[in-house]
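# Architecture and fold: a report
Chain by chain, the residues:
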Amino acid sequence: MSRNPEAADARFLDPAVIARIGTMELKARTIVEGFLTGLHRSPFKGFSVEFAEYRPYMPGDDPSTIDWKVYARTDRYYVKKFEEETTLDCHVLIDISASMSYGSGVVTKVAYGSYLAASLAYLMNRQHDAVGLIAFDDRIVTRLPASARPGHLHAVLLTLEQLAPGARSNVSKPLHQLAEALARRSMAVLISDLIDEPEEVLKGLKHLRFRGTDVIVFHLLDTAELTFPFSRMSRFVDMESDDEVMAVPGLVRDDYLRRIGGLIEFYQRELRVAGIDYLLLDTSTPLDFALLSYLSTRAKRG
Amino acid sequence: MFGLAFLYPAFLIGALAAAVPVLLHLLKREVAPPVRFPAVRFLTRSPVEQTRRKRLRELLLLALRVAALVLLAGAFARPYLADRLAASGGVTVVAVDTSFSLSSPGRFDRVRALAREAVDEAPAGDLVAIVSFSDDAAAVSDPSADRTAARRAIDALAPGFGATRYRAALDRAQEIIGGRRGRIVLVTDLQRTGWRAEAEGIVGEDVDVVARDVGGLPSNLGVADLVREAGRATAVIRNGGAGARQGHVRLYLNGREAARADFDAAPGSSVDVTFDVELPAAGVLRVALDDPTGFAADDARYLVLDPPAPPAVLVVAARAGQGDEAFYVQRALDATGDARRFRVVTTDGAGLLSALDEGRLGGYAAILLLATRGVDRRAGAALARYVQDGGGLLLAAGEALDAEIVVGLFSGSLSLRLDGRRTPSAVTLAPVDARHPVFRPFGALAGNLGQVRFSRVVAVTEEGWQVIARFSDGTAALVERRVGAGRAIVFASDLNYEWNDFPLHPAFVPFVHELVGYLAGRRREPSAYLVSDAPAGAAREPGVATVGDPPRTVAVNVDPRESDPTRLTPEEFEGAIRRLTRAAARRADAAVHQTESEQSYWRYGLMLMLIALAAEGLVGKRFP
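Owing to the predicted nature of the structure, the values given are computational and were not obtained by experimental measurement.

### Regarding the interface of chain B and chain A
Facing 21 residues of chain B, the contacting portion of chain A comprises 26 residues. Those elements that place two or more of their residues in the side of chain B that touches chain A are β2 (34-37) and α2 (47-76) of chain B. The residue inventory of the side of chain B that touches chain A, partitioned by class, reads 13 nonpolar, three polar and five charged. Summarising the sheet, strand β8 (residues 234-238) of chain A and β2(B) pair through four bridges and their orientation is parallel. Bridged to A:Asp238 within β2(B) is B:Phe37.

### Side note on the environment of B:Arg250
Residues and elements named next belong to chain B. With respect to the helices and strands, Arg-250 occurs in strand β11 (residues 245-253). In sequence terms Arg-250 and Asp-290 are 40 residues apart; their C-alpha atoms lie 9.4 Å from each other. Residues contacting Arg-250, with those up to four places away along its chain left out, are Glu-257, Arg-260, Val-287 and Ala-288.

### Side note on helix α9 (residues 377-388) of chain B
Residue and element names in this part refer to chain B. Over its 12 residues, α9 runs 16 Å from end to end, which matches the ideal 16 Å to within 8%, given 1.5 Å per residue. Looking at α9, one finds that the buried residues are Ala-379, Gly-380, Leu-383, Ala-384, Tyr-386 and Val-387. All buried residues of α9 lie within an arc of 155° about the axis, which places them on one face of the element. Looking at the packing, one finds that the buried side of α9 touches α8 (349-357), β18 (366-369), β19 (392-396), α10 (403-409), β24 (476-483) and β25 (486-491). Once α9 finishes, Gly-390 follows within two positions and takes phi at roughly 115°, a positive value.

### Side note on the packing of helix α7 (residues 327-334) of chain B against helix α11 (residues 508-520) of chain B
Two quantities define a packed helix pair, namely the angle between the axes and the distance from one axis to the other. Residue and element names in this part refer to chain B. Viewed as axis vectors pointing N to C, α7 and α11 meet at an angle of 80°, and their least axial separation amounts to 9 Å. Comparing the axis directions of α7 and α11 gives the class roughly perpendicular. Seen from α7, the contacting residues are Val-329, Ala-332 and Leu-333; seen from α11, they are Phe-508, Val-509, Val-512, His-513 and Val-516. By residue class, the composition of the contact of α7 with α11 is seven nonpolar, one polar and no charged.

### Some thoughts on the sheet that holds strand β12 (residues 256-265) of chain B
All names here are of chain B. The four strands are arranged β12-β11-β14-β15 in an open sheet whose pairing can be described as antiparallel. Looking at the sheet topology across the chains shown, the edges are occupied by β12 and β15 (300-304). The average angle at which neighbouring strand axes cross in this sheet is 20°, direction not considered. Of the pairings in the sheet, the one linking β11 to β12 comprises nine bridges and is antiparallel in character.

Conventions used here
Residues numbered from 1 in each chain as written. Chains lettered and ligands numbered in written order. Predicted model: local features only at pLDDT ≥ 70, side-chain atom pairs only at ≥ 80, totals over all residues. Contact = placed C-beta atoms within 7 Å. Helix = DSSP H or I, 4+ residues; strand = E, 2+ residues; numbered from the N terminus. Nonpolar A, V, L, I, M, F, W, Y, C, P; charged D, E, K, R; others polar. Pairing = 2+ DSSP bridges. Expected span 1.5 Å × (residues − 1). Buried ≥ 20, exposed ≤ 12 C-beta atoms within 10 Å, placed from the backbone. Arc of directions from axis to C-beta. Axes fitted to C-alpha atoms, helices over the stretch in contact; angles between N-to-C directions. Parallel < 35°, antiparallel > 145°, perpendicular 65-115°, else oblique.

So, in structure tokens, the structure goes:
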């Protein structure tokens, strides 16, 4: 009986499956290892992150980076200097405002975001990058400074596991604060549904970018937010402001989809202009898209 | 205003099915449940208005579904509009007895007083009508709120010469009330003779009937009958009072007193008083007595002594006048000595048709059809109607009577079949029942009919006909059939000395006389009538009158039953009313059915239901 290993691996990247896995650390490991396994078999091999502390010497490399000990054992040239040069401060900013607690399926946006954050942290740690975490709603609720220490990943994962939904969101505020606090060039990953004032959000992101920070924006939206599948007339209550709108879905669907599409289009356009990577994520889609996007940005940093 | 009623109200229970969509609506009603949603800011507020529109549409759908079910149930219940006045007010009909039993001195004043009381007691808002009744009833004051007019009508009433007939009063009163709520007040002396066995009223269930008793009849003495017996006049004197009455009664001949006789009548009994005067063959008799306390109308009685006019007999032959076929018959009918028993008119087919066109056919007591020349189907239908209305028809076979034409003429009415001629070997005639009116006068001499030799006869189908006489070979010779009020007789051989030698026998003349007399018996004009049956031209009061063409003198007398003092008890009267009520309920039910059928509102109900369903489908489909 034949078996499709890719399908089996992809199964572990399904958010609904991940949600049933025990601890956040185990979740992160499952996601990342599954992702990497899939990546080995994928057409993205030239983009390999199967990096090691040593790699074969290539013409043009600094000869001083050659590890002579290895040469002595193997009679081949390997470059050792790689490890130090790739170390990077990565700050993961996760939105835990009330709107992020929405989920039409098994996984809420904040849960999906936490899996994503944990996976990124795990991946960063594996790359020996320093990982920092900022959880915020209309203020910074939790902040873990970037660190590459071995026990730091555990602290990050534990924090992610214990995240609780907050109040109204104010995405730009932590962005500005982070931009002011960063001392050196680093990377910031924003995980949010971006349900805020788009212009303010854009200002915060540009502020970060202005400070030389590479920014990746993961825009999380639930399937229901993207398709508005409701049919019965309902009172729609805003999860943050408690504003109510009585609406007949059949009558307002087109207008809603046009508006939410306009928001997405706004971020796509403006962030591309600002040099910020943007990825819209449906919380029902596997997490490998997000990880792949991260690695793409990480690769640009060399 | 109009009142909506239903023929089958039980079907309205089906309207409860309308609760189903209402319940479903309530159970499945979307109460707009709250949905917590993060992107509410992207929802426009305009849908609130559209939400209201949706609710309105839902209510419209619900209303249409409910309307469809209610209309369906309503259509099955067969609605109709009752009379406008039935819903608003009633009618009080005061029926006043004007029979001659109320004509004794001072008695009718009591009648008027009771009638006025009935008018005064009529419920406010009711219309009041006044009806006078005896043999028949007439409205003397139509339904009106004007009580004064009603009282004036009562004051103008007076007793007549008729007899009490409650049914006539109730029929007329019910006719006035119609389908409305009503009350009938009969002001009467409650005479038992007012009810007839065949009486059937039309009093509706919503109609109250009240009798206002004028009181018992006074001591009355009257002439109950006057007859001629053995050349003498005999009067029947009836004493309706509680005490013995003695007196004398006078006999008048042609207006002049001819005799006087005493009588002594015990209470509640009748005595015959015979006048010792030989009566002439013609003239008018009147007997009279004096009764100052009783009714004047029955104090005299009339009798016409004139012999009745001979009945007219129409003989249809091949030729008018003395046709060959009618020769022996006409001679036989004329052979009656001094007094002609029949007035014979001989004609042909054309004469029959002209008599028919001129409406003279009914004037003949009997028609003898001896020839079919010139007689068409229209004449056949007219003859059938003539028999139906009480005429007598004789069909005698013969050379001039075409069997096929006869069968065709009466195929739809008399079911007569003549199966062609046959020539037996000299048969004779014998009555089946010697007691039949045609043969009864022959008595023991009926056997003489057996001497007649019949050489040719026709076969007459016996089915549906009564055989009066047979030929000696067993076939039918004389058959009779009663049709409506008249009768038809078929003789299977001729009366013209061609197929037999009957006209040469002594029995021929009495046979023809008895046969035609039997047929014409039902059309014999009487010489005495009751007031209620007085013929046209005679006043509806006791006396003598000349009527008809040719003119004849007839006597008109009051109905002697009206002198009967026997009265009903209130219970008996109410019992009779209940019977009438049951009969009226059936009639009212039939009337309601007819009204509903004429209005046929159920069709509109079903049409509206279909429209409602179509609208429901349209609204439902267009709703997102």
